[in-house]
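Report on the structure
If you want the building blocks of each chain, they are given just below.
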Amino acid sequence: MTDWLLFAPVLLPVLVAGLSLTVWRKPDAQRLLGLGVLTAMLVDAVVLLVLTDRRGPLAFDVGGWPAPAGISLVIDRLSALLLTVALAVTLAVLFFAVGQGNTEGGDPVHAPFHPSYLLLTAGVCLAFLAGDLFNLFVAFELMLASSYVLINLDAGENRIRAGMTYVITSLLSSLLFLTAIGLVYAATGTVNLADLGNRMPGLPDGLQTVLSLLLLIVFGIKAAVVPLHFWLPDSYPTAPAPITAVLAALLTKVGLYAMVRTQTLLFPRTEPWMPLLIAAAVTLLVGTLGAIAQQDLNRLLSFVLVGHIGYMLFGLSLYSVTGLTGTILYAMHHIAVQAALFLIAGMVAGWGGSAKLPVLARAAPPPVILAILFLISALSLAGIPPLSGFVAKLILLQAGVEQGGAAAYVLLAAALLTSLLTLYAMAKVWRAVFAAGTERPPAVRRHGARTRLMVGAAGGTVLIGVLVAVAAEPVARVGERAAADLMEPDAYQEAVLQDRSGDLDDIGRTGERGHR
Amino acid sequence: MTTLDLTGAVVVGGLFAVGFHLLLQRSLMRLLFGFLVLGHATNLLVLLASGPPGKPPVLGEGQEAEAFADPLPQAMALTAIVITFGITTLLLALVYRSWYLLGHDQVRDDVEDRRLGEEREAQ
């Protein structure tokens, strides 16, 4: 039973994507299929979260081939938490896309939206569940291939230029990932993450560092870690709002999740790791300073996104339970908040006719409800209590203080400064977009089921962030247990490597030949 | 540790060098070729990781596990080849669309770079 629960987030969307493609002439059927399957997956993810928190990590061998030779799907507290939040956000964003109406379908241009969106979700889920490096690569490819389609859908000049940058950068990182997999396999004879956790410590130190750095660079490109962030502010903002929201919120977090998973499981450390500490500090500052220099709403938000990746790196680079708890909570909060901000920006830009701040400053002000939603998200992002960003940041700061030492304090200072700069950037947006001005035309009242659906979806996304704050205590406790699991991965390894069938064992071993 | 297949290593290294060189060009077609060459380089690397050649890994009578070639990297390389193939087709379509819309197939400057350049010219 749990096997199927574990398999469903990957299997369901792929099957329904195929179904959705066959009914491409009927947009209503496509919408219903998309919303239905995502709701079912969300329920599944919640059940999985409860199960993993009670029973510990669950594993499933696809096709009955035992690990480490077979393909295993694993879920532990960390992946269950991220899976739940990610699916909640994808569902809300799909509602928004339906409301915005650029998923009308019925014509060959827009028909691929729903199938691609579902495949993207399948890729994201598979990335969270993948138990081996190669499967993780396949998950990334699934996710990226769908995102290439989504970002270039109905492409005009600007979009195709930005799309090319995005595609080429992502492809390069995929090839580097495959190179890393080849090298890891050559060195250890396995790609199973749990098995690698056992074998990696046996390798020479220099080789471990090389592999660790290579994987860090690969996932750093996906997660937009400075200096590997250059492609992000150039490509995401040109896509339609719901696509930007889901790509910005999820794809960077998947990269980050892969980074956390591989670095903690394969290359366990007990001390802060200096290169990552430096990358975190630089990411924090470069991202938010870049945001302040922008005059375009979407580009500004993209730079803020880059900056805030730094917070999650901060927690990881400390290699302590508190630090990782902070990273996990921050990732959950950031998925919701960043998606909400991009959705709101999409509506504002759609009504104002442009995403340029000076143009928006002269346009009719958006409705009050949107201003309230923006305010909640923006303040949460800046870390104002009692919102979700504050909870996550507080834990990160605690982790920094616990660690002590000059480097940790410098990073703390950078984190606090980034918080203030984020507030400044958000205030800049508020002044240009929402503040009342004498030169502005009166507000236009917007009606219609579409608008209500869009505002409702944005509100729902904000609500996910608020829920993280309201349920801060239980969420933080689960997060802490998840972080403790990461530091002590025995349960994870046992769940994957335990003997479930036994009879195929002889074949499973042949894969290890040729490496001694 | 088995000895390294020198020819294989040199070929992979050469392909990587050529691939990266092409990837740094301005023309989108060359970028595409760069991606293709890099894809081959990576697939070869994965195959090299499987160790020395051996018999086909099919279970039969009197076969020893030690004589088999390692099938896992072959499976991985196959998957990667399929993915590269699909993505190349998509890239070709994108290059064509770019040529169709923009009238050339050059990579344009970054938005920010262009803005800074224009500001400097204006001064």
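In the block above lies the structure referred to throughout.
Residues numbered from 1 in each chain as written. Chains lettered and ligands numbered in written order. Predicted model: local features only at pLDDT ≥ 70, side-chain atom pairs only at ≥ 80, totals over all residues. Heavy atoms only, no water.

**Side note on the overall build of chain B**
The criterion, for reference: Working definition: helices are DSSP H or I runs of at least four residues, strands are E runs of at least two. Numbering for both runs from the N terminus. For the radius of gyration, the atom set is restricted to C-alpha positions; the globular benchmark scales as 2.2 Å times the number of residues to the power 0.38. Relative accessibility thresholds used throughout: buried, under 20% of the residue-type maximum; exposed, over 50%; partly exposed, between the two (1.4 Å probe, protein chains only). Pairs of residues are marked as contacts when any of their non-hydrogen atoms sit within 4.5 Å. All accessible-area figures derive from a Shrake-Rupley calculation using a 1.4 Å probe, and residue coverage is judged against the displayed protein chains alone. Positive charges come from Lys and Arg alone, negative charges from Asp and Glu alone, with His and the N- and C-terminal ends not counted. Where a charge sits is defined by one atom per residue type, namely NZ (Lys), CZ (Arg), CG (Asp) or CD (Glu).
A tally of regular secondary structure across chain B gives four helices and zero strands. What you see for chain B is a C-alpha radius of gyration of 21 Å, clearly larger than the 14 Å of a compact globule of 123 residues, by over 25%. Its C-alpha atoms give chain B principal-axis dimensions of about 80 × 30 × 20 Å. Here chain B, with 123 residues, has 33% of them falling under the buried criterion. Here the analysis covers contacts within chain B between residues at least 6 apart in sequence; of these, 58% occur between residues at least 24 apart. Summed over all atoms, the accessible surface of chain B reaches about 7700 Å², with 65% contributed by carbon and sulfur. Distance between charge centres in chain B, computed from 8 positive and 13 negative side chains, equals 12 Å.

**Section: the packing of aromatic side chains**
Residue and element names in this part refer to chain A. Which entries qualify depends on this criterion: The criterion for an aromatic pair is that two Phe, Tyr or Trp rings (for Trp, the six-membered ring) have centres within 6.5 Å, with stacked assigned to planes under 30 degrees apart, edge-to-face to planes over 60 apart and tilted to the rest. As a reminder, the over-ring test applies to NZ of lysine and CZ of arginine, requiring each to be within 6 Å of the ring centre and within 35 degrees of the ring normal.
Under the definition given, this model contains 20 aromatic pairs over all chains. When the ring of Trp 4 is compared with that of Phe 7, the centres are 6.1 Å apart and the planes differ by 40°; the resulting orientation is tilted. Here the residue Trp 4 and the residue Phe 7 both occupy positions in helix H1 (residues 2-22), the gap between them amounting to three residues, near one helical turn. The interplanar angle of 45° and the centroid separation of 5.7 Å between the aromatic rings of Tyr 166 and Trp 231 together place this pair among those described as tilted. Of this pair, Tyr 166 sits in helix H6 (residues 157-188) while Trp 231 sits in the loop between helix H8 (205-223) and helix H9 (232-235), and the two are 65 residues apart along the sequence. Here the two residues Tyr 166 and Trp 231 agree in accessibility, since each one is buried. Connected via pairs of aromatic rings, a cluster forms that spans Phe 134, Phe 137, Phe 140, Phe 177 and Phe 219. The aromatic ring of Trp 273 is capped on one face by Arg 269, whose charged end is 3.7 Å from the ring centroid.

**Let's talk about the pattern of salt bridges**
All names here are of chain A. Which entries qualify depends on this criterion: We define a salt bridge as a side-chain nitrogen of Lys or Arg found within 4 Å of a carboxyl oxygen belonging to Asp or Glu.
Here the structure, examined in full by the defined rule, presents ten salt bridges over all chains. Residue Glu 473 pairs with Arg 477 through a salt bridge whose shortest N-O separation is 2.7 Å. You can see Glu 473 and its partner Arg 477 sitting in helix H19 (residues 472-487), four residues apart, about one turn around the helix. For Glu 473, a relative accessible area of 53% corresponds to the exposed category. Accessibility expressed as a relative area gives 44% for Arg 477, which makes it partly exposed.

**Digging into the pairing of strand E1 (residues 58-62) of chain A**
All names here are of chain A. Short version of the rule: In this description, strands pair whenever DSSP reports at least two bridges between them.
Buried residues dominate E1, accounting for four of its five residues. With five bridges joining them, E1 and strand E2 (residues 71-75) adopt antiparallel strand pairing. Its bridge partner lying in E2, Asp 61 is registered against Ser 72.

**A word on a nonpolar patch on the surface**
All names here are of chain A. Rule in force here: Each patch is built from residues lacking any salt bridge and having more than 30% relative accessible area; the joining distance is 9 Å for like charges and 5 Å for nonpolar side chains (Val, Leu, Ile, Met, Phe, Trp, Tyr).
A surface patch of nonpolar side chains, about 310 Å² in accessible area, is lined by Met 274, Ile 278, Val 282 and Val 286. You can see Val 286 is positioned in helix H11 (residues 274-292). Residue classification places Val 286 among the partly exposed positions, given a relative accessible area of 33%.

**Some words on unusual backbone geometry**
Residue and element names in this part refer to chain A. Residues Val 226 and Pro 227 are joined by a peptide bond in cis, for which omega reads 5°. Structurally, the position occupied by Pro 227 is in the loop between H8 and H9. For the peptide bond that leads from Pro 385 to Pro 386, omega is 5°, which places it in the cis range. For Pro 386, the position within the fold is in the loop between helix H15 (368-382) and helix H16 (388-403). In the Ramachandran plot, Ala 224 falls in the positive-phi region, its phi being about 60° despite a non-glycine side chain. Examined against the element boundaries, Ala 224 turns out to sit in the loop between H8 and H9.

**A short note on the interface of chain A and chain B**
Where we set the bar: A simple way to read buried area is as the amount of 1.4 Å-probe accessible surface that goes missing from two parts once joined, with both sides added. Counted as a polar contact is a pair of N or O atoms within 3.5 Å, where, for protein atoms, one must be capable of donating a hydrogen and the other of accepting one, and residues adjacent in sequence contribute only when both atoms are in side chains.
Contact residues are listed per partner, giving 38 residues for chain A and 47 residues for chain B. Of the roughly 3600 Å² buried between chain A and chain B on both sides combined, carbon and sulfur atoms contribute 73%. The interface formed by chain A and chain B contains zero salt bridges. The tally of links from chain A across to chain B stands at one residue pair in polar contact (both at pLDDT 80 or more). Those elements that provide at least two residues to the side of chain A that touches chain B are helix H5 (133-151), H6 and helix H21 (505-510) of chain A. For the side of chain A that touches chain B, the leading source of residues is H6 of chain A, giving 16 residues.

**Focus on the side chain of Ser 354 of chain A**
All names here are of chain A. Relative to the helices and strands, Ser 354 is located in the loop between helix H13 (321-352) and helix H14 (357-362). On the accessibility criterion, Ser 354 (17% relative accessible area) is buried. Sequence-distant contacts of Ser 354, that is, excluding residues within four places in its chain, are made with Ala 349, Val 359 and Leu 360.

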